[in-house]
Each structure stands twice: as C-alpha cells, then as structure tokens.
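Listed here are the chains, written in short residue letters.
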Amino acid sequence: MQIILLGPPGAGKGTQAAVLSATLKIPHISTGDIFRAHIKGGTNLGVLAKRYIDSGKLVPDDVTTDIVASRLNEEDCASGFIMDGFPRTIPQARMFDEMLERLGKKVEVVINITVEDSIIVKRLSGRRMCSCGRTYHIDNNPPKTEGVCDVCNRSLYIRDDDKEETIKERLKIYHKQTSPLVDYYQGKGLTMNFDGSKPIEVTTREILDSLKKTD
Ligand code: ADP
Ligand code: ADP
Ligand code: ZN
C-alpha cells in the first residue's frame, strides 16, 4: 500500500508512521529523518539541508525529490511505503505522481492529521528524538527510562529546529506551501482526515479502522 501522511509539524505524523509501519509491514520514509542522517554524517547534502532546516524553511524541491526517487528504488519499497513529510509542496506532489507512474504505482491513501497551531508549539517544545526514528514527548509519550530510547537504548536528543521561533516559521510555511496539498489529494478522492489532538492510541485506531475499510 502506498500511503502519504500529511499534516503540520507536530501533528503526530512520525509517531503514527512508526506504528503503522510495524503493523502494515511497509517502510516508514521520512524526508526529515533522511536529512538529519545526512547532517549527522556531515555529507554535502547535510550541509546544504541544514541551512534550510535550521531556519524553518523547506529544502528545495529538486533536492528533496531526488532523495525520494533514490529511496523508492530500494527493495523494501516494493510492497508499499508510508511517506512522512513528503510531498510538502504542489511541485513535489506533481513530481511524485510522475515518479510513481514510471514505477507503475500510485498514491493510494492520504492520511491528513490536523492539529491547531496553539497545541503545536507545546508539543514540539517537549519532543525528544532518537536517531533510530522513534519520537517521544516528555509528558505525552515519555520513554520508559528518561532520555533513553525504548527500542534501541540510544540517548534521545532535542532537534535544533524545535525552538519556538523556528516552529512559528515552520507553521507559516506549512499553511502557505503544504496545506494546499489537502485539496490536491482531495481532488483525487484520496484524502482521509483525522483529528490529531486526540490521544496517540485513539488516532492510531481510527487510522487503522479507516485503512481496513479501503481494502
Ligand atoms: P510530526 O512528525 O507530525 O512532526 P511527531 O510524531 O514527531 O509529529 O509528534 C510531535 C510531538 O508530539 C512528539 O513529541 C510526540 O511524542 C507528540 N505527540 C504525537 N502525537 C500526539 C498526540 N496525539 N497527543 C499528544 N502528543 C502527541
Ligand atoms: P516536522 O514534521 O516536525 O515538520 P520533518 O522531520 O518532517 O519535521 O522535517 C524537518 C525539516 O526538514 C523541515 O522543516 C524541512 O526544512 C525539511 N524537510 C523535510 N521534508 C521536506 C520536504 N518534503 N521538502 C522540503 N523540505 C523538507
Ligand atoms: Zn531509538
């Protein structure tokens, strides 16, 4: 199944993607995670991406789309994927459609998770990340041991872009450049809407129930 997760920063895309990926047995692909791995590894792409990410801006469409194209060629994508944080602009969505068409595939479901801006700053200020892709929250979804990942035991870290000023810029960009994708996919009859302000497990259940109905 080819799934896209759409929603503002902090909506819970990464959190839901981890569970969906384990349940549906398809890979979780996060462009944000790929960029962060490059930043950590000090690659040229990492250096370029960091400039945009730390100021809350989007990495240019051509760079981002190239990364997704090469990730899709990997074997584990054969039976589907959960795209988390891509596409984020209309040009990316168009390039993604073309890319999938060449592979004889298409987007099947778009899971749109909505949360009000006022909740998002609080959520992202308490977010803690693991380099394995797991995401925690100091109050809403704490790890079993403070500061340590439940899954891989690595130390959790705070993202450089999860500070209030940058969060506000990211929200502005979301409303301007990414939110039009809701209509783009609605027009194709693919969008399913979920209220991301409910508890994590409730949203997971609602998503899995809706996916069952599309089978
Ligand atoms: P996104 O990938 O959309 O940016 P995350 O999945 O990283 O969002 O979630 C942002 C923060 O909010 C994380 O700290 C996460 O633990 C927490 N979170 C996610 N979903 C919920 C929820 N339904 N209720 C409360 N907190 C949540
Ligand atoms: P969040 O879900 O909290 O907004 P992500 O981890 O998805 O964070 O993305 C972090 C940053 O990486 C974004 O603010 C942006 O700078 C960059 N990024 C991720 N995905 C894309 C994309 N599809 N297009 C452009 N930039 C992206
Ligand atoms: Zn981990």
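Anything mentioned here points back to the structure above.
Calculation criteria
- Think of each chain on its own: its residues are numbered from 1, step by step along the sequence as written.
- Just so you know, chain letters begin at A and ligand numbers begin at 1, following the order they were written in.
- Note on the predicted model: pLDDT of at least 70 is required for a residue's local features to be given, and 80 or more for side-chain atom pairs to be given and counted; whole-chain, interface and lining totals, by contrast, use all residues.
- Based on all heavy atoms of the structure, the side-chain values leave hydrogens and waters out of the count.
- Secondary structure is summarised from DSSP: a helix means a run of H or I of at least four residues, a strand means a run of E of at least two, and numbering begins at the N terminus for each.
- A helix is expected to span 1.5 Å multiplied by its residue count minus one.
- Contacts: residue pairs with any heavy atoms within 4.5 Å of one another.
- For two strands to pair, DSSP has to find at least two bridges joining them.
- All axes here are fitted lines through C-alpha atoms, helices being fitted over the stretch that makes contact, and every angle between N-to-C directions spans 0 to 180 degrees.
- Polar contacts here mean pairs of N or O atoms no more than 3.5 Å apart (in protein, one a potential hydrogen donor and the other a potential acceptor; neighbouring residues in sequence count only if both atoms are side-chain atoms).
- When an angle is under 35 degrees it counts as roughly parallel; over 145 it counts as roughly antiparallel; between 65 and 115 it counts as roughly perpendicular; any other value is oblique.
- Should the near helix be turned anticlockwise from the far one by less than a right angle, the crossing is left-handed, and should it be turned clockwise, the crossing is right-handed.
- Just so you know the grouping, Ala, Val, Leu, Ile, Met, Phe, Trp, Tyr, Cys and Pro go in nonpolar, Asp, Glu, Lys and Arg go in charged, and all remaining residues, Gly too, go in polar.
- Each residue is tested against the molecule or strand, and it is near if at least one of its non-hydrogen atoms lies within 4 Å.
- To measure how exposed things are, a 1.4 Å probe is used in the Shrake-Rupley method; for residues, cover is taken only from the protein chains shown.

Asker: Give me the lowdown on helix H4 (residues 61-72), citing residues and values where you can.
Answerer: Compared with an ideal rise of 1.5 Å per residue, which puts 12 residues at 16 Å, H4 spans 16 Å between its outermost C-alpha atoms and is within 8% of the ideal. Summarising the contacts, the buried residues of H4 are in contact with strand E2 (28-30), helix H2 (31-41), helix H3 (44-54), strand E3 (81-84) and helix H5 (90-102).

Asker: Can you explain the sheet that holds E3? Please cite residues and give values.
Answerer: Ordered by their spatial adjacency, five strands build an open sheet running E2-E3-E1-E4-E7, and the pairing between neighbours is parallel. For this open sheet the edge positions go to E2 and strand E7 (191-195), each flanked by a neighbour on one side alone. Direction aside, the axes of adjacent strands within the sheet are offset by 20 degrees on average. Sheet topology places strand E1 (residues 2-6) next to E3; four bridges connect them, and they run parallel.

Asker: Tell me about the environment of Lys198, and please be specific about residues and values.
Answerer: By secondary structure assignment, the location of Lys198 is in the loop between E7 and helix H9 (200-214). Taking the C-alpha atoms as reference points, Lys198 and Val115, separated by 83 residues in sequence, lie 9.2 Å from one another. In this structure, Lys198 is in contact with Thr203 and Glu206, ignoring residues within four places of it in sequence. A distance of 2.8 Å separates polar atoms of two side chains, one belonging to Lys198 and the other to Glu206.

Asker: Summarise the packing of H4 against H5; cite the residues concerned and give the values.
Answerer: Orientation of H4 relative to H5, taken along the N-to-C sense of each, is 30 degrees, at an axis distance of 10 Å. Taken together, H4 and H5 sit at an angle that is classed as roughly parallel. H4 and H5 meet at a crossing whose hand is right-handed. Of the residues in H5, those in contact with Asp61, Thr64, Thr65, Val68, Ala69 and Leu72 of H4 are Pro91, Gln92, Met95, Phe96, Met99 and Leu100. Residues of the contact of H4 with H5, tallied by class, amount to eight nonpolar, three polar and one charged.

Asker: So, the site of ligand 2: which residues are in play, and what are the values?
Answerer: In the vicinity of ligand 2 there are 18 residues, among which Thr31, Lys57, Arg88, Arg127 and Arg170 approach most closely. One nitrogen or oxygen atom from the side chain of Arg36 is found 2.9 Å from an oxygen atom belonging to ligand 2. Gln92 is positioned with one of its side-chain polar atoms (N or O) 2.8 Å from a nitrogen atom of ligand 2. A total of 550 Å² of accessible area belongs to ligand 2 in isolation, and the protein chains cover 97% of it. Per element, the largest residue contribution to the shell around ligand 2 is four residues, and it comes from H2. By residue class, the composition of the shell around ligand 2 is six nonpolar, five polar and seven charged.

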